[in-house]
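Architecture and fold: a report
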Amino acid sequence: MSEKLQTLIIEDEELARNLLRSYLKDHADIEVIGECENGFDGVKAINEKKPDLVFLDIQMPKITGFEMIELLDYKPQIIFTTAYDQYALKAFELNAVDYLLKPFSKDRLLSAVEKVQTRIANEEDVSDKLEELSNLRPGQEFIDRVVVKDRHKIHIITVDQIRYVESLDDYVMIYTNDGRHMKQKTMKYFETNLDPKDFIRIHRSYIVHVDHIAEIQQYEKESYVVILKDKDKTKLKVSKTGYKKIKEVLHF
Amino acid sequence: MKHPLTSNYRLLGFYVIFWAVIGVLNIILQVIWYNVPLIYSLLETASNFVLYPLLGSSIWYSIRYNSLEDVSVGRLIIFHLIAASILCVIWVYISYIIYQPFVEKGDKFLSDVLPTKFLAGYAMYAVYLVFFYAVNYYQSLKEKIKKESEYKALIREAELQALKSQINPHFLFNSLNSISSLTVSNPEKAQEMVINLSNFMRYSLMHNEKEMVPFARELDNIKLYLSIEKVRFGRKLNAEFEIDAHCMDAEIPNMILQPLFENAIKYGVYETTDQVTIKTVCNCEGSFLRITLTNDYDATTLKRKGEGIGLRNIRKRMEIIYNSPELVKVTDNKTSFEVQLIIPQKQAVS
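Residues numbered from 1 in each chain as written. Chains lettered and ligands numbered in written order. Predicted model: local features only at pLDDT ≥ 70, side-chain atom pairs only at ≥ 80, totals over all residues.

Topic: the overall build of chain B
Stated precisely, the cut-off is as follows: Numbering goes from the N terminus for both helices and strands, where a helix is a DSSP run of H or I of at least four residues and a strand is a run of E of at least two. To sort residues by exposure, count the other C-beta atoms lying within 10 Å of each residue's C-beta; 20 or more gives buried, 12 or fewer gives exposed, and values between give partly exposed, all with C-beta atoms placed from the backbone. Here, residues touch in the contact sense if the C-beta positions derived from the backbone fall within 7 Å of one another.
Looking only at helices and strands, chain B features 11 helices and seven strands. Here chain B holds 350 residues, and the buried ones make up 26% of them. Relative to all contacts within chain B whose residues are 6 or more apart in sequence, the contacts with residues 24 or more apart total 75%.

As C-alpha cells, this is what we get:
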C-alpha cells in the first residue's frame, strides 16, 4: 500500500488514547492524524478530515460511539474499542467492523488493522452494515435519548421531550416541544427502541408519546384521530391496529 | 427426639420431687388418719409413687412412635390398651415380689390390694398419656418455632447477599486497560494501580463475611476506589470530603457507599466533558451517622429514569438491616444529585 491509512482516535480516556497511540506509533501503514476526547469533536473531525480508519470508543460523554455514527455524513472504516459490552457479540456476528475488547494486546490490534486493509483493498462498502449495527438495541434496554444533527449543531433529545415521530420516506421527523428534527432512521427502529409503555405506533406513519395525547376522536365509522395537547391541537390519524394498541396501553 | 426426662434435667427434678412429696403425704395420711401399719404404707408408697413413676416414664416411647396425626383413633386405642395392660402386669408382678417378704402368711393384705392396683394402673396410664402428649406437643412446637426463625434468618441473609454490590465489569476492564497503558508509559504507576485495585477487590470480596465495619474502613475503601477512577478520569473527577473526625468509629454496613460513588461517576463524571465534583459530607448527630453525597450532572444529555438498581438495592439493604424505610433520601435538583444515608448507631457517637 503506497499511501498510509489516515487514522483518527476517538476515546475519552487519556490513558486509553496513549496506549492506542503507542501501539500504532511504529506501524508502517498508519498515520494518526488526530485524537478526539468526545463524540461531538469526533463527528466534526470525521466530517472534516475524512479519515480512512477510526478507532472509536463506545461509552463516551455526551454521545456514545453508536450515536456518533448516526450523525456521520462520511462513513470511514471503524474499529470499536470498548471495555465490556453486549454489543460485542452482535458486532462480531455481523462482521461489520472489528471489535477490540479492552484491555487488548498489540497483536490483536494489528490483526484488526489488517482486516481493515483487506476490506479497503476489496473496496467493500461498510456503510450499510454500520447502519444495521447502529440499529441494535443494547440488551433489553430501551433508548432514553435520540441524537440529531442539523446544519450547525448536534442536539440531544431525551425521549420524554418527544411528542411524536412521523415517517417521511427514508427519514423520520421527530417533533419535540421546541421544534422538529429530521433523522435518517426507520419507523421500525423507533418502534422497537422506544419504550412501548410510553410510545405507541398508532399508524404506519406515526408513533406518539402517550403523555401528549389530549383526546381520541371518532371521525368516521371505525376510524379515529388522536388530538395532541399542543396549542395547535395537532391531529394524527389512527389505524385500526393503532387504536387497539392505544386501548391496551391506556386501559379503556 | 430425646426422652424429655433424660434430656431436660429440670423436668426430671420436678418429676422426682412431685412424686416424693405425694409419697410422703400419702404415708403421713395413711399412718396418722387411717391407722395403716407403717410397713404397709411404705410398701404401697414404694409401689405407687416410686415403681410406677419409674415404669411409667417409658410410656413416652409409646406416644413418641404413635403421633396423634399419623395413626387412626382405633389403632391408637388398641395400642394403648395393650401397652397399658403390659405395663400393669409388670407393675403388679414386681409389686407382688416386693410385698411378699414383708407380709405374713394368711394376711389378706395381698389379696385385698393387688386386684385394685390394676384399675389404678390403667388410670395412671391415662394420666401419663395426657402428660406426655402435652410435653411432646410443646417440644415439637418449640422446635418448629426455632427452625422457622432459623429459616427466616437464612432468607434474610441470602437477600442481603443479593443486595450487596458486585464489582462492575466496566470498572474492572477499564481499570485493567489503564494499567495496560501505564505499563508502557509509567510502570511504577502501573504497579501502584495494580496494588490499589487488588486492595479494593479484596475489601469488596471480604464483604461476604462481615456485615458491619467501622466507618473509617469503609471510607478508606472509597478513597481507594476514587484513586483508581482518578487514574482513568484525571482532572475530570474531583472528590471532596468534609468529615467530622469523631464519625470514624461509627458502624456502617460495608460496601454500602461504593455504589453511590459509582453512580456519581457514571451519571456525573462519565457523561460530561467538564470537571465534576463529588462532595461527601458526614456528621454524627446523637445515635445517627449522616452521610450526604452530592454530584453535579449534565441534565441536558441525561434523562434520569427514577432510581437505578444501585440505589434501589441500597434502599432495600438498609431497610432489611435497620428495619426502617426512611434512611435513604434522594434529591434531584436537575443540575445536581444528592443522596443522603442515615445510619443508626447502637451507641451514640460523640
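Now that the structure has been shown, we can carry on.
Some points on the overall build of chain A
Each helix and strand in chain A was counted, giving eight helices and 15 strands. In chain A, buried positions account for 37% of the 252 residues. Residue pairs in contact within chain A that sit at least 24 positions apart in sequence constitute 55% of those at least 6 positions apart.

Quick notes on the sheet that holds strand S12 (residues 206–209) of chain A
Residue and element names in this part refer to chain A. Heads up, the condition is: Strand pairing is assigned whenever DSSP detects at least two bridges linking the two strands. Inter-axis angles, ranging from 0 to 180 degrees, are taken between N-to-C directions of lines fitted to C-alpha atoms, where helices are fitted over the stretch in contact.
Spatially, the five strands line up as an open sheet ordered S10-S9-S8-S12-S11, and their pairing is antiparallel. Each edge of the sheet is formed by a strand with only one pairing partner; in this case those strands are strand S10 (180–183) and strand S11 (199–203). Recorded for the sheet is a direction-independent mean angle of 20° between the axes of neighbouring strands. Bridge count between strand S9 (residues 171–176) and S10: four bridges; the pairing is antiparallel. The residue of S10 that forms the bridge with Tyr 175 is Arg 180.

Description of the interface of chain A and chain B
Listed as interface residues are 21 residues of chain A and, on the opposing side, 22 residues of chain B. Listed by contribution, the elements that provide at least two residues to the side of chain A that touches chain B are helix H1 (14–24) and strand S7 (154–158) of chain A. If you tally residues by element for the side of chain A that touches chain B, the top one is H1 of chain A, at six residues.

A closer look at the pairing of S9 of chain A
Residues and elements named next belong to chain A. As judged from the six bridges shared by strand S8 (residues 162–168) and S9, these two strands associate in the antiparallel manner. Bridging across to S9, Ser 167 finds its partner in Val 172. Hairpin connection of S8 to S9: two residues between the antiparallel strands, including Asp 169 at a positive phi of 50°. In this structure, the hairpin formed by S9 and S10 is closed by a connection of three residues.

Observations regarding unusual backbone geometry
The omega torsion of the bond from Lys 102 of chain A to Pro 103 of chain A falls at -10°, within 30 degrees of zero and hence cis. Among the structural elements, Pro 103 of chain A can be located in the loop between strand S5 (98–101) and helix H5 (106–121). Here the phi dihedral of Asn 323 of chain B falls at roughly 60°; this positive angle occurs in a residue that is not glycine. Counting through the fold element by element, Asn 323 of chain B comes out in the loop between helix H11 (309–322) and strand S6 (328–332). The phi torsion at Lys 334 of chain B lies on the positive side, around 75°, for a residue other than glycine. Within the element layout of this structure, Lys 334 of chain B appears in the loop between S6 and strand S7 (336–344). The class of Lys 334 of chain B is exposed, set by 8 C-beta atoms lying within 10 Å.

Points about the sheet that holds strand S2 (residues 30–36) of chain A
Residue and element names in this part refer to chain A. Strand order in the open sheet formed by five strands is S2-S1-S3-S4-S5, and the pairing between neighbours is parallel. Each of the sheet's edge strands pairs with one partner strand only, and the pair in question is S2 and S5. Between one strand and the next, the sheet's axes are offset by a mean angle of 20°, whatever the strand orientation. Where strand S1 (residues 5–10) meets strand S3 (residues 53–57), four bridges bridge the pair, whose relative direction is parallel. If you follow Ile 10 over to S3, its bridge partner there is Leu 56. Of the strands in this sheet, S1, S2 and S3 are in contact with helix H2 (residues 39–49), which crosses S2 at around 140°.

Some points on the confidence of the model for chain B
Definition in use: Confidence of the predictor in every single residue is expressed as pLDDT, which spans 0 to 100.
On average, residues of chain B score 86 in pLDDT, and 95% of them are at 70 or above. We note a pTM of 0.66 for the whole complex and an ipTM of 0.71 for its interfaces.

Quick notes on the packing of helix H10 (residues 258–269) of chain B against H11 of chain B
Axis angle and axis distance: for two packed helices, these are the angle between their axes and the distance between the axes, and together they describe the pair. Residues and elements named next belong to chain B. What counts is decided by this rule: When an angle is under 35 degrees it counts as roughly parallel; over 145 it counts as roughly antiparallel; between 65 and 115 it counts as roughly perpendicular; any other value is oblique. Note on convention: the crossing is left-handed when the near helix lies turned anticlockwise from the far helix by less than a right angle, right-handed when the turn is clockwise. Ten residue types, Ala, Val, Leu, Ile, Met, Phe, Trp, Tyr, Cys and Pro, are classed as nonpolar, four, Asp, Glu, Lys and Arg, as charged, and the remainder, Gly among them, as polar.
Interaxial distance between H10 and H11 falls to 9 Å at its minimum, and their mutual angle equals 160°. Put simply, H10 runs roughly antiparallel to H11. In the packing of H10 onto H11, the handedness of the crossing is left-handed. For the pair H10 and H11, the contacting residues are Pro 259, Glu 262 and Asn 263 in the first and Gly 310, Leu 311, Asn 313 and Ile 314 in the second. Taken together, the residues of the contact of H10 with H11 sort by class into three nonpolar, three polar and one charged.

What to know about helix H3 (residues 38–56) of chain B
Residue and element names in this part refer to chain B. Test applied: Here, expected helix span is obtained from the residue count minus one, scaled by 1.5 Å.
Its 19 residues give H3 an end-to-end C-alpha distance of 25 Å, which sits within 8% of 27 Å, the value for a rise of 1.5 Å per residue. Listing the buried residues of H3 in full gives Ser 41, Glu 44, Thr 45, Ser 47, Asn 48, Tyr 52 and Gly 56. The secondary structure elements touched by the buried residues of H3 are helix H2 (9–33), helix H4 (59–64), helix H5 (73–99) and helix H6 (109–163).

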